[in-house]
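A look at the structure
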Amino acid sequence: MPTTTLQIPTADGRADAFAAYPEDGERHPGVLLYPDAFGLRPELEQKARELAGHGYYVLVPNLYYRHGPAPVLELPGHIGAEERPAVFAQAMPLVEAHTTERILRDADAYLRFLTARPEVGAGPVAAIGYCLGAALAMRTATAHPGLVAAVAGFHPGFLVTEAPDSPHRLAHELTAEVHLGLAEGDLTPEAIGELGRAFDAAGVGHTIETYTGTVHGFTMSDTDAFDPAGLRRHWERLLPLLDRTLGKS
């Protein structure tokens, strides 16, 4: 499985990124994969490799490139209950600094770079994300409706907020099909209802599913939140979505 580290030109500098893709020399659909709040690290690289094995070119940017190359956070090999407070103390200032304006500028650069790769086919792309990355994927899709055909978010955060530009308020801009895989407690029943109504009103094909028995972060094997059954369900939902919407070349 070929992998590479890349530098993406952006309006604010150069973002380092990881990419994985099939080794057959053919062109394949592109997937922009946004990490969780802990950032680009081996866990996300492994997800990119696995997804690439199903026939996709997967680009994983370092969200925090303005603060240095990945890994920006000082992360232990495994993030357990004792380690989480220190990790979140590092992560939250970076999350808070990652404003909507920055997100959209970066999304422009990431998609421009992804679609120009010689290994990527000419069709639409997908934006997927974990935790914070789910909101980034949604914002990317609403800003680029002609290009992003699929959005998937797992144990998502920041999708339904009081902000005037909360992602759920922009559903009318979507043309992508959406799947959201929630851990128990990720969103309140009221927020889930509000999100579903926004998608329905916009005519957006979507599924919002709570993965029973999971906690926030269930896809991440380098944390105590990891749930093998939840991860399997994540692949069972994600791969058909990509196959349907991107049409592997």
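Scroll up to find the structure.
This report concerns the structure included in the present document.

This part covers the environment of R66. Residue placement: R66 occurs in the loop between β4 (57-61) and α2 (84-97). By relative accessible area, which is 23% here, R66 ends up partly exposed. Separated by 35 residues in sequence, R66 and E101 have C-alpha atoms that sit 14 Å apart. Setting aside residues up to four positions removed in sequence, R66 forms contacts with D12, H98, R102, R105 and D106.

Remark: helix α1 (residues 42-52) packs on helix α6 (residues 228-246), axes separated minimally by 12 Å, with the N-to-C direction vectors making an angle of 50 degrees. On the basis of the axis angle, α1 is oblique to α6. Crossing hand, α1 versus α6: right-handed. Two secondary-structure elements touch here, α1 through K47, E50 and L51 and α6 through L231, W235, L239 and L242.

Further remarks concern the pairing of strand β8 (residues 206-211). Sheet topology note: the strand β7 (residues 177-183)/β8 ladder contains six bridges and is parallel. Bridging across to β8, A183 finds its partner in Y211. You can see the chain leave β7, run along helix α5 (residues 189-202) and come back into β8, and the turn it takes is right-handed.

According to the stated counting rule, one finds twelve salt bridges in the structure shown. Salt-bridge contacts for E209 lead to R233; the nearest nitrogen and oxygen are separated by 3.6 Å. With E209 in strand β8 and R233 in helix α6, the pair connects residues that are 24 residues apart, well separated along the chain. Within the structure, one salt-bridge network assembled from shared partners comprises D12, R66, R105 and D106.

As a further point, take the nonpolar core. Ranked by internal contacts, the top residues of the largest apolar core, which has 53 residues, are L59 and F199. The element best represented in this core is helix α3 (residues 100-116), accounting for seven residues.

About the thresholds
- Residues numbered from 1 in each chain as written.
- Predicted model: local features only at pLDDT ≥ 70, side-chain atom pairs only at ≥ 80, totals over all residues.
- Heavy atoms only, no water.
- Helix = DSSP H or I, 4+ residues; strand = E, 2+ residues; numbered from the N terminus.
- Buried < 20%, exposed > 50% of the residue type's maximum accessible area, 1.4 Å probe, protein only.
- Contact = heavy atoms within 4.5 Å.
- Axes fitted to C-alpha atoms, helices over the stretch in contact; angles between N-to-C directions.
- Parallel < 35°, antiparallel > 145°, perpendicular 65-115°, else oblique.
- Left-handed = near helix turned anticlockwise from the far one by under 90°.
- Pairing = 2+ DSSP bridges.
- Right-handed = clockwise from strand over helix to strand, strands pointing away.
- Salt bridge = Lys/Arg side-chain N within 4 Å of Asp/Glu carboxyl O.
- Core = buried A, V, L, I, M, F, W, Y, C linked by side-chain atoms within 4.5 Å.

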